[in-house]
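So you can see what is in the structure, the chains are spelled out below.
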Amino acid sequence: SSGINAEWLLRPGDKDLQMVDDPTQVYEEACNLLSFNKGFICEDKSKINSIWCQEDPISSKKIYSCKIWNNFEGLPSIPCDDLGIIAFNKNRSLRAHLFNKDDKSFLEIWNSSGLIKRHDLSLQKAHGLVYTNSIFGGLHFSPDNTKIVYVAEEKEKKSTSFFDKFSEDSKGTKFDYKESWGEQLTSCCKSIISILYLESGKIEVLENSDDRFVSKPVWYSNDELIMIKTIQYPFKHGAIYCPNRANMLYKYDHPSSTYTPLTGNGKAILDFEINKNNQNIAFLSCDAGGPHRSYFTVHVIQSSSGDVIQVPNVLVCGILGIKVLHGWIDDTKLLLTDLEGPHTMAVALDTISGHKMDLLTGKMDDCEDYSFIVVDQKEHEFLFTYSSSNPISGLYQQGLGFSDALSGEVRALTSSHRTSSTTPLRSEVLELNREGRDYNAIHVRGSDVSSPSGEKTSQRTLIV
């Protein structure tokens, strides 16, 4: 409905296009398909939570449901809301949800029993809406669990209309142009780092030392933060699809309010992870201004000396819309989602030798030809999605699994199920599952599709 006039349909299990009479039925079938949204390991692997999404065919709104596993036994799904960003404290006894709703920002603290407290961050008017995107957003407990750091838009200054306050000497600024990062980041104009003190509920906004764009803050100690600061000139546009913008890692000392650069100029930092045992910092880096889909080198900042050491003989592909660097398995190994040919893999990278070990390929019983994407990590245990097609160009079967990188245990938590189309017919087709957006259906021009008889059709086609 709603103007969809497709007549050719590719149904699950079919190799050829079929003629259908009612495209409304096709659309409703597409809306019933579940898409994975996020998943996380709770206190230990005996309890695993996941969020799934489908679309209401009437309102086109996203409908979220939560599925829980106790001792790997699945429980019935229950309705839930989109949880925004989720973060755990070190031992995963506390969980934080950061989200925006009805033009307000909230931060909830949960434990295994339920909700402890909801903070309405908008009441103090310390900042604008919080960032919940994976490009600039962040949410992290301090080691002593007394405060949480996050990123928000700077508080908008009071202003009047140009016409309400017009004179030769002064004029209103309400409708002045504000440059954003565009491309699904139109609400990101000027970021600030904020700290919520959990006991008092007070919000502290940190003063930036320059005009660089601050993002992804993580507590290094109870008084120190690590963050990325990105150069905003000559323009901001292109943060999602151009992971080559010049930026640097900084350490912020809270008592003295000082910023110290940890990496040099001329580089682009894709992501970083701190080792909780020895405080070494791993990060992915490439030359700034290079190709959009760059290969990144892996580096480790030694906490004892401050030296930056490159991991030998390793290049990691920067996969659009997928987190690549996940965390430390132990003192020397990192967990990565890496691209090898047409498939993504979960690999353990030895930061001393540069050796990569594939953790999942060939370990799923029902299919050898899978792509894997890590979605959550708790030390050497992690959750992953698996799909039987390249996730960069399109998914058609998807499931959720659990693995232990040390013992080699691999479990499929859900059976593989169809979520969207097979590999798109042309590269111009919308890419699926990018940046957390789940497409249950895509359109291509009819001129790109042939009917079973080989004739070209000029109609628009809905491929499910």
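Scroll up to find the structure this text is about.
What counts, and at which threshold
The written sequence of each chain sets the order in which its residues are numbered from 1. With the structure being a predicted model, the display of local features is reserved for residues of pLDDT at least 70 and the display and counting of side-chain atom pairs for 80 or more, all residues being used for whole-chain, interface and lining totals. Side-chain measures were taken over the full set of non-hydrogen atoms in the model, leaving aside hydrogen atoms and water. In DSSP terms, a helix is any run of H or I states spanning at least four residues, a strand is any run of E spanning at least two, and both are numbered starting from the N terminus. Classification of residues uses two cut-offs on accessible area relative to the type maximum, computed with a 1.4 Å probe and protein chains only: under 20% is buried, over 50% is exposed, and between them is partly exposed. Only heavy atoms matter for contacts: two residues are in contact if any of them lie within 4.5 Å across the pair. Only the protein chains shown count as cover for residues, and all accessible areas are computed by the Shrake-Rupley method using a 1.4 Å probe. Counted as positive: Lys and Arg. Counted as negative: Asp and Glu. His and the chain ends are not counted at all. We define a salt bridge as a side-chain nitrogen of Lys or Arg found within 4 Å of a carboxyl oxygen belonging to Asp or Glu. A 3.5 Å cut-off defines polar contacts: any pair of N or O atoms within that distance qualifies, except that in protein one atom must be a possible hydrogen donor and the other a possible acceptor, and neighbouring residues in sequence count only when both atoms are side-chain atoms. Any two strands are treated as partners once DSSP identifies two or more bridges connecting them. An axis is simply a line fitted to the C-alpha atoms; with a helix, the fit covers only the stretch in contact. Between two such axes, the angle follows the N-to-C directions and lies from 0 to 180 degrees. We define a nonpolar core as any set of buried Ala, Val, Leu, Ile, Met, Phe, Trp, Tyr and Cys residues linked to one another through side-chain atoms lying within 4.5 Å.

Draft legend 1. Up close: the overall build of the protein chain. Each helix and strand in the protein chain was counted, giving 1 helix and 34 strands. Taking all 464 residues of the protein chain together, 50% fall into the buried category. The contacts of the protein chain with a sequence gap of at least 6 include a subset with a gap of at least 24, amounting to 47%. Total accessible area on the protein chain is roughly 22,700 Å²; 49% of this is exposed by carbon and sulfur atoms.

Draft legend 2. A look at the side chain of Lys147. Checked against the element boundaries, Lys147 lands in strand β13 (residues 147-153). We note that Lys147 is buried and unpaired, the nearest opposite charge coming from Asp144 at a distance of 4.2 Å. Here the side chain of Lys147 touches Asn222 through a polar contact of 3.2 Å, landing on its backbone oxygen. Dropping the residues within four chain positions of it, Lys147 is found in contact with His140, Phe141, Ser142, Ile195, Leu196, Tyr197, Leu198, Trp219 and Asn222.

Draft legend 3. Highlighting the sheet that holds strand β15 (residues 203-205). Here 4 strands make up an open sheet; going across it, the order is β12-β13-β14-β15 and the pairing antiparallel. Here the strands that pair on one side only, and so sit at the sheet edges, are β12 (139-141) and β15. This sheet shows a mean twist of 25° between the axes of neighbouring strands, independent of strand direction.

Draft legend 4. The arrangement of the pattern of salt bridges in detail. On inspection of all chains with the given rule, the structure shows 12 salt bridges. Measuring nitrogen to oxygen at the nearest pair gives 3.0 Å for the salt bridge that ties Arg92 to Asp376. Remark: Asp376 occurs in strand β29 (residues 371-378) and Arg92 occurs in the loop between β8 (85-88) and β9 (95-101); sequence separation between them is 284 residues. Glu156 serves as the salt-bridge partner of Lys178, at 3.1 Å between the closest nitrogen and oxygen. In this pair, Lys178 sits in the loop between β13 and β14 (191-197) while Glu156 sits in the loop between β13 and β14, placing the two residues 22 residues apart along the sequence. Members of the salt-bridge network, linked through shared partners, are Lys45, Glu409 and Arg411.

Draft legend 5. Spotlight on the nonpolar core. With 23 residues, the main nonpolar core has Val298, Leu334 and Leu349 as its most contacted residues. Of all elements in the fold, only β21 (281-287), β22 (295-301), β24 (316-317), β25 (325-328), β26 (333-340) and β27 (343-350) reach the threshold of two or more residues within this core. If we skip the residues at most four places from it in the chain, Val298 touches Phe283, Leu284, Ile309, Gln310, Val311, Val314, Val316, Leu334 and Leu349. Formed by 17 residues, the second largest nonpolar core is a distinct cluster that contains Leu98, Ile109, Phe141 and Ile203.

Draft legend 6. Expanded view of the pairing of strand β3 (residues 35-41). Most of β3 is tucked away: 6 of the 7 residues are buried. Where β3 folds back onto strand β4 (residues 47-55) in an antiparallel hairpin, the turn is made up of 5 residues.

Draft legend 7. Region of interest: the environment of Gly137. Positionally, Gly137 belongs in the loop between β11 (114-120) and β12. Relative accessible area serves as the criterion here: at 11%, Gly137 is assigned to the buried category. Sequence separation between Gly137 and Ile193 is 56 residues; the distance between their C-alpha atoms is 9.7 Å. The contact partners of Gly137, leaving out residues within four places of it in the chain, are Ile85, Tyr131, Val151 and Lys216.

Draft legend 8. Broad picture of the pairing of β14. Counting buried residues in β14 gives 6 out of 7 residues, a clear majority hidden from the surface. Hairpin connection between β14 and β15: a loop of 5 residues separates the two successive antiparallel strands, and Gly201 in this loop has a positive phi of roughly 80°.

Draft legend 9. Representation of the environment of Leu98 in the model. Its location among the elements puts Leu98 in strand β9. Once the C-alpha coordinates of Leu98 and Val130 are considered, the two residues, 32 residues apart in sequence, prove to be 7.7 Å apart. Ignoring any residue separated from it by four or fewer positions in sequence, one finds Leu98 in contact with Leu83, Gly84, Ile85, Phe106, Leu107, Leu121, Val130, Tyr131, Thr132, Gly138, Leu139 and Tyr150.

Draft legend 10. Inspection of the sheet that holds β27 at higher detail. On the basis of which strands lie adjacent, the open sheet formed by 4 strands has the order β25-β26-β27-β28 and antiparallel pairing. Strands with a single pairing partner mark the edges of an open sheet, and in this sheet they are β25 and β28 (356-358). Within this sheet the neighbouring strands show an average axis-to-axis angle of 35°, counted without direction. Sheet analysis places β26 next to β27, joined by 8 bridges and oriented antiparallel.

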